[in-house]
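# What the coordinates show
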Amino acid sequence: MSRTEAPPLPEPLRVPVADSHTHLDMQDATVEEGLARAAAVNVTTVVQVGCDVAGSRWAAETAAAHPNVHAAVALHPNEAPRIVHGDPEGTARQGARAAGGTAALHEALAEIDALAALDHVRGVGETGLDCFRTGPEGMAAQEESFRAHIEIAKRHGKALVIHDREAHADVLRILADAGAPERTVFHCYSGDADMARICADAGYFMSFAGNVTFKNAQPLRDALAVAPTELVLVETDAPFLTPAPYRGRPNAPYLIPVTLRAMAAVKGVDEDTLAEAIADNTARAFDY
């Protein structure tokens, strides 16, 4: 089986559900093809997430054109240091860029702020901290950007969508310090059961991706087991994090049923019950 071949369509869910975090702009299919394939398995709504100014503009335009697509707009945590310090090697898919300093960061944040005001933009994200790809020299830019996104989300009454990679304590600290928006979503939740309890106490949504199905992901499954069902979402983060048994092949919203069924098994509930809860939770989280 080719690693580049798309996995087959899973058996459709009986209850329609939403993919709370996807990147249609990074997938091979057209938007229309991707949405049709998802709808065929009863994944009827997607949240399209921007990672930079251009991607956020695209997310907003795509949501405006498709009633079952909602947009989230932001500068990804790894984008902020690239804007401030430059990226001469071109480590991101956008390629090399010159350093712009904090003025360039503020300019980019102003664009995100303007997009966040649009009605079909339902979230501000993905924002947060990433200690995996960005070294210590970039953390000040990440934190400044994260705090600005928190303020934008609160001012526009939008959900905050958090990218937290190897930065749990700092993300929780900044949220507590700045004051989290009313609706906060940990995208691709990566903490353990103890952190899930902290998030639950704060009322943060936890969105689980295909990596919850990976063999080595028992701590994630332990977190899902203790996460209150009313705070649980499901996502693909496509084209990344394809669930087992298709790990390594391209991900897309139509694979949500594979992850949701694995999650239902962890929670000890039937898939319809979990799908109903997740559909309700996602609509609540993104206020649509």
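These numbers come from a predicted model, not from an experiment. (Residues numbered from 1 in each chain as written. Predicted model: local features only at pLDDT ≥ 70, side-chain atom pairs only at ≥ 80, totals over all residues. Heavy atoms only, no water.)

### So, the packing of helix α2 (residues 53-65) against helix α4 (residues 101-116)
At their nearest, the axes of α2 and α4 sit 10 Å apart, and the two run at 10° to each other. As judged from the angle between their axes, α2 and α4 are roughly parallel. In this structure, α2 uses Val53, Ser56, Arg57 and Ala60 to contact α4, whose residues at the interface are Ala108, Glu111, Ile112 and Leu115. (Axes fitted to C-alpha atoms, helices over the stretch in contact; angles between N-to-C directions. Helix = DSSP H or I, 4+ residues; strand = E, 2+ residues; numbered from the N terminus. Parallel < 35°, antiparallel > 145°, perpendicular 65-115°, else oblique. Contact = heavy atoms within 4.5 Å.)

### Points about the pairing of strand β3 (residues 69-73)
With five of five residues buried, β3 lies mostly within the body of the structure. Burial along β3 is two-sided: Val69, Ala71 and Val73 facing one way and His70 and Ala72 facing the other are all buried. Note: strand β2 (residues 43-49) against β3, four bridges, orientation parallel. When the bridges of β3 are listed, Val46 appears paired with Val69. Pairing analysis gives three bridges linking β3 to strand β4 (residues 121-130), with the strands arranged parallel. Across the sheet, the residue bridging to Ala72 is Gly123, located in β4. (Buried < 20%, exposed > 50% of the residue type's maximum accessible area, 1.4 Å probe, protein only. Pairing = 2+ DSSP bridges.)

The analysis is restricted to geometry; functional conclusions fall outside its scope.
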